[in-house]
Amino acid sequence: MPQVKMETKGLNAWYGRRQALFDVSLDVPDGEVTAIIGPSGCGKTTFLRCLNRMHEETPGARTEGTILLDGENLGRQNVVQVRCRVGMVFQKPTPFPHMSIYDNVAAGLRLLGVRGRGELDRGVVEALQLAGLWDEVEENIDAAGTSLSGGQQQRLCIARALAVRPEVLLMDEPCSSLDPIATDKIEKLVQGLKRRVTIVIVTHNLAQATRVSDATAFFYLGKLVEVGSTHQMFESPREKLTENYVTGRFG
Amino acid sequence: MVPPSPPARSAAGAPAPGGEEGAAPSVRPSRWAVLTWLGRVFHGLTLAVTIGVVGLVAAFAYFLFAGAWQSIAYFGLGFLTSDTWDGVHNIYGAGPAIAGTLITSALALVIAVPIALGVAIFLSELAPAFLRRPLIYVVDLSAAVPSVVYGFWAYIVLVPLMRMSIEPALSSFAGGHSPIGQPGTGYDIFTATIVLAVMIIPTIAAISREALRAVPRIQREAALGLGATRWESTRLGVLRSARSGIAAAVILGLGRALGETIAVTMVIGNIYILPGTLFSAGSTLASWIVDNFTEATPGIQRSAVIELAVILLAITVAVNVIARLLLRRMAEREAGGSSTRRRLRTTHAHTGLASGTGTGPVDPAAPGVGNREAVASRFAARLRTRQAVQWTFVVVASLCVVAAIAPFASVLYTAAQYGGSEVIRPSFYTAVAPLGCNPAPGVTCQAGGIGPYLQGSLIMLGLAALISVPVGLLGGIYLSEYGRNRFGRAVSFLADVMTGVPTVILAVFVFALFLYFDHFAALSAISGGFALGVLMLPITIRSSEEAFRSVSPALRESALALGFPKHRVTVRIVLGSSRSAVVTGLLLAASRAAGDTATVLLCAGGSTLWFQGLNTPTGSIPVFIYDNFGSNYANLQAAAWGAALVLLAIMLAIGLGARLAVRSKYDPTQAV
C-alpha cells in the first residue's frame, strides 16, 4: 500500500445552514490519482475545496473536522502555505486575463519571491513542458493567456499550478468544458503527472475515472459511501448504492 | 372592422374551436394583419420617440451655440484667456473660471481616487459579510446626497474648520509660500477642492466596486489557489481585470467634479480672479454661471455667460469621449512585447531541456526552481514580508473607508442637530416660511415651514416624470429591442454623454429655449419641470435600456416560439420581467432630480408663495436651502436644515426602496 498523503477525519462542511458534507473520513494515497465521483450536488466539489481550504473563501461557509497533510493539521497551518503545497485547477480554465502565457505561469513563482530572470525562465519552461504545452506556445509565449484554446488554457492553468511544485494537485472537473480531444490530452497528462504529484480529481465522467484514477471514492448526498481501488469500485463494489451508480442506474 | 378572432394560441395538441381534433390551432388571416400592423405601429412609436430625443439634443446644442454666438463672434479666442469680467464696459473673459474649474477638479481627483479605490477594494474584497451590505448602502447613499446639502454642510462645518485650524496649520507648515499661501477666510479654492473630493469619492467608489465585483469569483480563487494572500489575489486576479471599469469610474468622477455647481458656489468665494494660491478665493465655470446667469443683462453679457456654459460643455464632453477612447484602447491592448520569447530561446538552449518532451517524463535532475525543501525555505523567508504587506493593505483600506464615511456621518449629524426639531413638527410641511428672526429675551420667533417649497418641488417633479418616464421607457425599448444598429448605438452613446452633462448647462439650455418660445415662462414651474425632465431623460432611457437588455434572450425566444408577436414579447415578457429594475432606474432618476438645485434655481426661480400657476416662478426645496443657507436668522437656518433633512430622507427612502425592489425577486449574489 502506498503511503497516505492527505487524510480527512470526520469532515463536515456547511454553506450557511445547509450542510454539504457529513462526517467524511478519507485517505488520499501518495503518488496516485484519486477520483471522486457521485451525482450532482453530492459534495464532491465541496470536499475537494476543503482540501486546500478554498471552502472557507465562500461567504458563510465553514467546516469541522480535521484534514491532515503528511500528518500535519491543515487548519493549524498558514493558509497561504497550504495552497502552495496543495494546488488547484478549476472546472473552467482561469488564466489571468491581461497576462501573457509566460506571466501566467510565472505568477505563482513571483509570489514565492522568485525574481531572477534565469530562474523564472527555467521554472516557466519546465512547468509548461510538464503540462505538455511548451511545444504549442513556445513561439508565442508573450501572447495573452486567454488567446489560447479552451484545452490549452486548461493546460496553462495546470502549468501555473505545477510551477510552484505543489505536493498535491486538486482538479475540479477539469475537462467538463472541453472537447474530447482536449479531454484526452488532459487525461494523459494526469497519468503522466502522478509520479511527481499526488492528484485528486473530481469527475462527472465515470469512464474518465476508470481511465485516469488508481483509487475512487463515491459520494452520495454529502456522505462518503465507498472508497477503494478503482478496479474494485467498478468491478465489485461492496455497496449496492455504488453498484447502481457505476452501472448507470441513477445519477 | 376587426372580426372577433378565435384564441390565437392554445396548448399544443388541444382542439382549437371549430378545428379538427388534434389539428393545429387556426388563426384567421385578418388577425395576423392586425398583429403585424400593431407591431409596426409600436416599432414606429418607439423610433419616433427616440428620434425626438435626438432632436432634443440637437436643440440643446443649437440653443447653447446660438445663445453664445454674440460673445463668440465678438471676443473670439481671447475669451478663453482673458481674466476680465467687466459689466460696465462689457468686456468678458473665461480665464479665471476655466482655471478654477481645472485646478479644483484636478486636485479633488488626486485626493479622491486613492481613497475611493481603497473603499471599493475594502467593500469588494475585504469587508466581512455583516459589514458589507450596510457599508455599500452608506456609500451609495452618500453618492446620492444632493449638492446643495453638501454645500450647506461645508458652509457650516468645513469652512470654519478650514479657517480656524487646517489652513493655518498647512500654511505654517509650508512657510506661507505659494502655491499654498497665507491662510484665508475658508471660502477658497482649497475648501472647494475638499468638498469636491468628498462628493466624488462615493461616486468613484461605487462604480469601481461594481467593476471589481464584476470580476468572476473564480478569478480570485485561481490566485488564492496558487497561494496568494488576499492582497496578492486582489492585485493579480482582480485589479488588472477591473482596470477599465476603474478608469471609467475615475473619469466619471472627474466629469462630476468639473460640472459640480452648487456646493462649489457656496464655498469658493466667487471672486473672478486667477487664483494665485490654494487659499485664495476664486470661481469655477459652473459657479460663475449660477451666480451671474439670472442677473445678466440680455445681450452681450448674457451671451458671455452662455459661452461659459458652452466651454464647460466642451470640457465635459471631451472628458467623456477621452474616456471612451481610453476604454477601447485598453480592451484592444495585448499583453507583453516580444522580449520574453527571445530570452527564453537562449535559456532553453543553455539549460539543454529537450523540447518535445510533451507529457513524457522530465529529468528530475533538470534545473528548475529547486526541490521542495528549497521552495519551503524560500516560502518561510518571504512569508513575514508578505503578511506585513497584507496587514498594511487591510489597515489602509479600512482607513479609506473611515475617511470616506466621516463626511457623510457629519452631514447627517449636522442636519439632525440643526433641523431635527423642525422635521418632527407637522406644521413644518404645511406652513409658509417664517419671517427671519433671532431668539432674544422677550422675542418669540415664528416657527413656519416649507409647505410652498414642498408643493413646488412635487409639482415640478410630476411634470418631469410626465416627460421623462414615457419617453424614457419607449426610448429604452427602441434601443434594446429594435435599435441594435449604428443609429441605436449612437443614441445610446449620446444618452451616456448627456448623463454626464452638468445640470447647470441643461438649465441654461431650457431657460434659453423658453425665452425663445415664450418669454414670460422662462422662469416658471413649467420651465423648471421641463428642465428636471431633461435632466432625468438620459438616465431613464439608459437605465431602462440596460434593464431590458438584461432580460435573457432565451426568455424572449421561448415567447417568440410560442407565437407571441415581437411587440407583445416586448410589452409582456421584457417589460414584465424587468419591472423592478426599470422602476429602480426611474426612482434613481427622480431622486437626482429632486435634489438638483441648478436647474430649478435658474429655470423656476424662487417664490415664497403657494403655487400660483404653471407659468409663474415657483419655489422648491433645494432653492429654499440655497436661499437661506447663509441666513443670519436662526429660525430660517433651522428651517433650511429641516429642508435638507427632508431631502436626505427622500434619498434614503428611494435608495432603500430601490434596493428592496431589486432584491425582492431575485438576488444574483445569493446564487452559489
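Residues numbered from 1 in each chain as written. Chains lettered and ligands numbered in written order. Predicted model: local features only at pLDDT ≥ 70, side-chain atom pairs only at ≥ 80, totals over all residues. Heavy atoms only, no water.

## Considerations on the overall build of chain B
- Counting secondary structure elements, chain B contains 22 helices and 2 strands.
- Burial statistics for chain B: of 672 residues in total, 51% are counted as buried.
- The contacts in chain B between residues at least 6 apart in sequence include a share of 77% that link residues at least 24 apart.
- Taken as a whole, chain B presents about 29700 Å² of accessible surface, with 67% of it coming from carbon and sulfur. (Helix = DSSP H or I, 4+ residues; strand = E, 2+ residues; numbered from the N terminus. Buried < 20%, exposed > 50% of the residue type's maximum accessible area, 1.4 Å probe, protein only. Contact = heavy atoms within 4.5 Å. Areas by Shrake-Rupley, 256 points an atom, 1.4 Å probe, with all protein chains shown as cover.)

## Notes on helix α2 (residues 95-126) of chain B
Residues and elements named next belong to chain B.
- Helix length check: α2, at 32 residues, gives a terminal C-alpha distance of 45 Å against a target of 46 Å (1.5 Å per residue), a fit within 8%.
- The sharpest bend along α2 comes to roughly 30°, located at A112, with the proline P114 sitting one to four residues further on.
- With respect to burial, α2 is a largely interior element, 24 of its 32 residues being buried. (Expected span 1.5 Å × (residues − 1). Bend = angle between axes of the 7 residues up to and from the residue.)

## Looking at the pairing of strand β3 (residues 33-37) of chain A
Residues and elements named next belong to chain A.
- The element β3 is largely enclosed, with a buried count of 5 among its 5 residues.
- Burial along β3 is two-sided: the residues V33, A35 and I37 and T34 and I36 are all buried.
- The sheet contact formed by β3 and strand β8 (residues 198-202) spans 4 bridges and is parallel. Within β8, the position partnered with I36 by the bridge is V202. (Pairing = 2+ DSSP bridges.)

## Some thoughts on a nonpolar patch on the surface
- Taken together, the side chains of W37(B), L38(B) and V41(B) make up a nonpolar region of the molecular surface, amounting to roughly 300 Å² of accessible area.
- Along the chain, W37(B) falls in helix α1 (residues 29-75). (Patch = residues over 30% accessible without salt bridge, like charges linked within 9 Å, V, L, I, M, F, W, Y side chains within 5 Å. Salt bridge = Lys/Arg side-chain N within 4 Å of Asp/Glu carboxyl O.)

## What about the sheet that holds strand β7 (residues 168-172) of chain A?
Residues and elements named next belong to chain A.
- Pairing is mixed across the open sheet formed by 6 strands, whose spatial order is β6-β7-β8-β3-β9-β10. Each end of this open sheet is capped by a strand with a single partner; those strands are β6 (86-89) and β10 (223-229). Geometrically, the sheet is characterised by an average inter-axis angle of 20° between neighbouring strands, direction not taken into account. (Axes fitted to C-alpha atoms, helices over the stretch in contact; angles between N-to-C directions.)

## Considering unusual backbone geometry
Residue and element names in this part refer to chain A.
- Of note, the phi angle at R53 is positive, near 60°, even though the residue is not glycine.
- Mapped onto the secondary structure, R53 falls in the loop between α1 (44-51) and β4 (61-69).
- In this structure, R165 is a non-glycine residue whose phi angle is positive, near 55°.
- Of note, R165 is situated in the loop between α6 (150-163) and β7.

## Observations regarding the state of the cysteines
- Under the definition given, this model contains 1 disulfide over all chains.
- There is a disulfide in this structure between C437(B) and C445(B), and the S-S distance comes to 1.8 Å. Disulfide C437(B)-C445(B): torsion about the S-S bond near -85°, hence left-handed.
- Given the relative accessible area of 12%, C437(B) is considered buried.
- C175(A) forms no disulfide, and the closest cysteine sulfur to it belongs to C157(A), at a distance of 13 Å. (Disulfide = S-S within 2.5 Å.)

## Comments concerning the confidence of the model for chain B
Residues and elements named next belong to chain B.
- Here chain B averages 84 in pLDDT, while 86% of its residues score no lower than 70.
- Across chain B, α2 holds the top mean pLDDT of 95, while helix α11 (residues 339-351) sits lowest at 53.
- Note on residues 1-20: pLDDT under 50 across the span, and 24 contacts to partners over four residues away in sequence or across chains.
- Here residues 333-338 is modelled with pLDDT under 50, and outside its nearest four sequence neighbours on either side it reaches 6 contacts, counting other chains as well.
- Predicted complex, confidence summary: ipTM 0.84, pTM 0.82. (pLDDT = per-residue confidence, 0-100.)

## Observations concerning a positive patch on the surface
- Taken together, the side chains of R115(A), R235(B), R240(B) and R243(B) make up a positively charged region of the molecular surface.
- The topology assignment puts R115(A) in the loop between α3 (101-111) and α4 (117-130). (Lys, Arg positive; Asp, Glu negative; His and termini not counted. Charge placed at Lys NZ, Arg CZ, Asp CG, Glu CD.)

## Quick notes on the side chain of T503(B)
- By the element assignment, T503(B) lies in helix α15 (residues 503-517).
- Excluding anything up to four places from it in sequence, T503(B) contacts L535(B), R592(B), D596(B), A598(B) and T599(B).

## Notes on the pattern of salt bridges
Residues and elements named next belong to chain A.
- Scanning the entire structure with this criterion turns up 27 salt bridges over all chains.
- The shortest N-O distance in the salt bridge between D214 and K194 comes to 3.0 Å. One end of the pair, D214, is in the loop between α8 (206-212) and β9 (215-220); the other, K194, is in the loop between α7 (180-193) and β8, and 20 residues separate them in sequence.
- Residue D214 is classed as partly exposed on the basis of its relative accessible area, which comes to 24%.
- Taking relative accessible area as the criterion, K194 reaches 23% and is therefore assigned partly exposed.
- One salt-bridge network, in which partners are shared between bridges, spans K5, D70, E72, R85 and E167.

## A look at the environment of Q387(B)
- With respect to the helices, strands and loops of the structure, Q387(B) is situated in helix α12 (residues 372-423).
- Separated by 157 residues in sequence, Q387(B) and R230(B) have C-alpha atoms that sit 9.7 Å apart.

## Here we look at the packing of helix α4 (residues 147-174) of chain B against helix α5 (residues 189-213) of chain B
Residues and elements named next belong to chain B.
- Taken N-terminus to C-terminus, the directions of α4 and α5 make an angle of 130°; their axes are 9 Å apart at the nearest point. As the angle between them shows, α4 and α5 are arranged oblique. The chirality of how α4 crosses α5 is right-handed. Facing S147, Y150, W153, A154, L158, V159, M162, I166, E167 and L170 of α4, the residues of α5 in contact are F190, T191, I194, V195, V198 and M199.
- Among the residues making up the contact of α4 with α5, the classes are represented as 13 nonpolar, 2 polar and 1 charged. (Parallel < 35°, antiparallel > 145°, perpendicular 65-115°, else oblique. Left-handed = near helix turned anticlockwise from the far one by under 90°. Nonpolar A, V, L, I, M, F, W, Y, C, P; charged D, E, K, R; others polar.)

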